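These are the residues of each chain, in order.
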Amino acid sequence: MKKIYAVLLSCFMLASCDKFDDDININPNQPSKATATQLIANSALSLSSLSASPAAQFHAQYLSETQYPGASLYPDGGTSFYWIYQGPLMNLETVLTTAKLSTTEGPISNQLAVAKILKAYYFWHVTDRWGDVPYSEALQGVENFTPKYDTQESIYTSLFALLEQANSEITAGNISNDIIYNGDINKWKRLGNTIRMLMALRLSEVDPAKGAAEFNKALEAGIMTSNADNLVFRHLADANNQNYWYGQVSNQNREWWALTETLVNKLKPVNDPRLQVYGTPARTTGEYRGLPFGTMQGLPNVTNYSLMGPAIWKQDAHIQLVTYAQALFAKAEAAKRGWIAGGDAEAQINYNKAIEQSLLQWTGSTAGASALLSQEGVAYDPANAIEQIATQRWVHLYMHGYEAWAEWRRTGYPANLVEPDGKAVPLRNSYPATEAFNNTANYNEAVQRQFGGQDNLYGRVWWDK
């Protein structure tokens, strides 16, 4: 009977709530509506998920599975992009379509510019993984649940324009609630131009003339000048915003991943200082040893191979997403390709500096740079420059697997990625399985247009020629 009375009393109280003034149910300490910069900050919270996943590292073959091989064998099946649209992109679109923004959080033009830069970055990630995706009709909510798929070429064109707009709109004055650059609008400006430059390089095989033009526009507008400009997601020593890998390795005691044999064999012979950060010596031998990618033999085995280094999985580890070293590798490649002046001399300067800055980013020091750059195979060789630049970029992008995978698809380097259990490295992600039911006509048209009707892992996206 006491339970019945409690229920009845609750019902009475709920039914009576509408007799009070509206403001009695409002928490004065909690905003009822998010501001533009709060929405931008909320969208930035998803940046870590563009990198921190085992699948990303398997695509670039940075990590091997030590106990439960399966995910690294490139199983068929779709991968969802819904969370990117429904979360960060919708937040950013709300900022960009809001009629009235507040100047109390910084110049409105700067708030919009930052939203455009992040929107471009997220869409770049999406289209590079899946190919043609909804863009021009996306993010309209209930007004359009079945957006058309735009071609990747048109998306790239739109993103170049979006980033150019952002650069031209930025003015003096920082913004509030910025969890990436603490409001420094000049760093956002350099980030936007660096993203544009890296996007331009993606066109090296499909449209080099346009790629070179966009590359030089971005370079002229002003790119990153040091590691202090890097796009970094900073986890906290707090369970509410901790590193994904900390939850796996420390909280759940999952020693499920070791460095690949491909990676260790690239770093160990040249005494690359980054190896000591990337992984730990094998427990049984005290030596660095990589596990062949996708192997199913002799597992489980966590003692004979180099597991991830504690700097990678610690609770507040940073995730490096767009970096100064990447920009330098891009300039080195552009010089070698003749997109910018200087030829091999300019290419070598930027290549050497990229490796130096990569060491500084990963180890905190450039002390080993000279020795590393003197090693055979690392020392700049004009005859093999594109392969060297691409391979060292891959080494640098450790744990940013989707970006490294995109660069591997574009360049083909490193050329020794393996085919686990006879499965080739994927060339794209398949669309979410539910798209065939939720957006049937547009899904079918996109699959037919790009891949001859086959939605699988091995269709080539537009720029992958």
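Definitions and limits used
- Residues numbered from 1 in each chain as written.
- Predicted model: local features only at pLDDT ≥ 70, side-chain atom pairs only at ≥ 80, totals over all residues.
- Heavy atoms only, no water.
- Helix = DSSP H or I, 4+ residues; strand = E, 2+ residues; numbered from the N terminus.
- Rg over C-alpha atoms; globule rule 2.2 N^0.38 Å.
- Contact = heavy atoms within 4.5 Å.
- Areas by Shrake-Rupley, 256 points an atom, 1.4 Å probe, with all protein chains shown as cover.
- Lys, Arg positive; Asp, Glu negative; His and termini not counted.
- Charge placed at Lys NZ, Arg CZ, Asp CG, Glu CD.
- Salt bridge = Lys/Arg side-chain N within 4 Å of Asp/Glu carboxyl O.
- Buried < 20%, exposed > 50% of the residue type's maximum accessible area, 1.4 Å probe, protein only.
- Phe/Tyr/Trp six-rings, centres within 6.5 Å; stacked < 30°, edge-to-face > 60°.
- Lys NZ or Arg CZ within 6 Å of the ring centre and 35° of its normal.
- Axes fitted to C-alpha atoms, helices over the stretch in contact; angles between N-to-C directions.
- Parallel < 35°, antiparallel > 145°, perpendicular 65-115°, else oblique.
- Left-handed = near helix turned anticlockwise from the far one by under 90°.
- Nonpolar A, V, L, I, M, F, W, Y, C, P; charged D, E, K, R; others polar.
- Expected span 1.5 Å × (residues − 1).
- pLDDT = per-residue confidence, 0-100.
- 1 Å grid on protein atoms, 1.4 Å probe; cavity = no way out; pocket = protein on both sides within 12 Å on 5 of 7 lines; lining within 4 Å.
- Points joined across faces, edges and corners; volume = space filled by probe spheres on them.
- Polar contact = N/O pair within 3.5 Å; in protein donor to acceptor, adjacent residues only side chain to side chain.

Novice: What is the right way to look at the overall build of the protein chain in this model?
Specialist: On a plain count of helices and strands, the protein chain comes out with 19 helices and six strands. Taking 23 Å as the expected radius of gyration for a compact globule of 465 residues, we find that the protein chain reaches 24 Å, a close match to that expectation. Across its three principal axes, the protein chain shows a C-alpha extent of roughly 80 × 55 × 50 Å. For the protein chain, restricting intrachain contacts to residue pairs at least 6 apart in sequence, the fraction spanning at least 24 positions comes to 76%. A total accessible area of about 20400 Å² is found for the protein chain, and carbon and sulfur atoms account for 51% of it. Charge-centre separation for the protein chain: the mean point of 36 positive side chains lies 2 Å from the mean point of 44 negative side chains.

Novice: Explanation requested: the pattern of salt bridges in the structure shown.
Specialist: Note on pairing: side chains with opposite charge can pair once their charged atoms come close. This model, assessed by the stated rule, comprises 23 salt bridges. Ionic pairing is found between arginine 449 and aspartate 132, a salt bridge with its closest N-O pair at 2.6 Å. With arginine 449 in helix H19 (residues 440-451) and aspartate 132 in the loop between helix H5 (108-130) and strand S2 (133-134), this pair connects stretches of sequence that are 317 residues apart. Classification of arginine 449 as partly exposed rests on a relative accessible area of 35%. Owing to a relative accessible area of 4%, aspartate 132 belongs among the buried residues under this scheme. If you follow the salt bridges from partner to partner, you end up with Asp128, Arg202, Glu205, Glu333, Arg337, Arg393, Glu403, Glu407 and Arg410 in one network.

Novice: What exactly am I supposed to notice about the packing of aromatic side chains here?
Specialist: Pairs of aromatic rings are described using the distance from one ring centre to the other and the angle between the two planes. Counted by the stated rule, this structure contains 26 aromatic pairs. Ring centres of tyrosine 149 and tyrosine 431 lie 5.2 Å apart, and the angle between their planes is 80°; on these two criteria the pair is classed as edge-to-face. One end of the pair, tyrosine 149, is in strand S3 (residues 149-150); the other, tyrosine 431, is in the loop between helix H17 (401-411) and helix H18 (435-438), with 282 residues separating them in the sequence. A relative accessible area of 1% means that tyrosine 431 is categorised as buried. Among the aromatic side chains, those forming a connected cluster through ring pairs are Phe81, Tyr82, Tyr85, Phe123, Trp130, Tyr135, Tyr149, Tyr431 and Tyr443. For arginine 202, the ring lying beneath its charged end belongs to tryptophan 463, and the centroid distance is 5.6 Å. In this structure, arginine 428 packs its charged tip against the face of tyrosine 431, placed 4.7 Å from the ring centre.

Novice: I tried to follow the packing of helix H16 (residues 385-396) against H17 on my own but got confused; where do I start?
Specialist: How two helices sit against one another is set out by the angle between their axes and by the gap between those axes. Look at H16 against H17: their axes get within 10 Å of each other, and the N-to-C directions meet at 165°. One way to sum up the angle between H16 and H17 is to call them roughly antiparallel. The chirality of how H16 crosses H17 is left-handed. Contacts from Ala390, Arg393 and Trp394 of H16 reach H17 at Ala404, Glu407, Arg410 and Thr411. In terms of residue class, the contact of H16 with H17 is made up of three nonpolar, one polar and three charged.

Novice: Hey, could you run me through helix H14 (residues 343-363) in this one?
Specialist: Each full turn of the α-helix corresponds to 3.6 residues, which orients residues three or four apart in the same direction. The end-to-end C-alpha separation of H14 is 30 Å, in line with the 30 Å expected for 21 residues at 1.5 Å each. Along H14, the residues classified as buried are Ala347, Asn350, Tyr351, Ala354, Ile355, Gln357, Ser358, Leu359, Gln361 and Trp362. Contacts made by the buried residues of H14 are with helix H11 (275-278), helix H12 (310-313), strand S6 (318-322), helix H13 (324-337), helix H15 (369-373) and H16.

Novice: So what exactly am I meant to see when it comes to the confidence of the model for the protein chain here?
Specialist: Should the pLDDT be low somewhere, the predicted coordinates at that spot are not to be read in detail. Mean pLDDT over the protein chain stands at 92; residues scoring 70 or higher make up 93%. For residues 1-31, every residue scores under 50 in pLDDT, and the model assigns this stretch one contact once sequence neighbours within four places are set aside.

Novice: Can you walk me through empty space enclosed by the protein in this structure?
Specialist: To find the voids left in a structure, one rolls a probe of water-molecule size over its atoms. A full pass over the atoms with the stated rule returns three cavities of 30 Å³ or more. Estimates place the volume of the largest cavity at around 120 Å³. It is H5 that provides the largest number of residues to the lining of the largest cavity, a total of five residues. Tallied by class, the residues present in the lining of the largest cavity amount to six nonpolar, three polar and five charged.

Novice: Looking at this model, I keep getting lost on helix H7 (residues 185-201). Mind explaining?
Specialist: Taking 1.5 Å of rise per residue, 17 residues should cover 24 Å, and H7 covers 25 Å from first to last C-alpha, within 8% of that figure. Capping the start of H7 is the job of one residue whose side-chain oxygen sits 3.1 Å from the backbone nitrogen of asparagine 186: aspartate 184.

Novice: Please clarify how the side chain of asparagine 230 should be interpreted in this entry.
Specialist: Assignment of secondary structure puts asparagine 230 in the loop between helix H8 (208-221) and strand S4 (231-234). Overall, asparagine 230 belongs to the buried group, its relative accessible area being 2%. In this structure the side chain of asparagine 230 is engaged in a polar contact, spanning 3.4 Å, whose partner is the side chain of glutamine 361. Each residue touching asparagine 230, except ones within four places of it in the same chain, is listed here: Tyr181, Met224, Gln320, Val322, Thr323, Tyr324 and Gln361.

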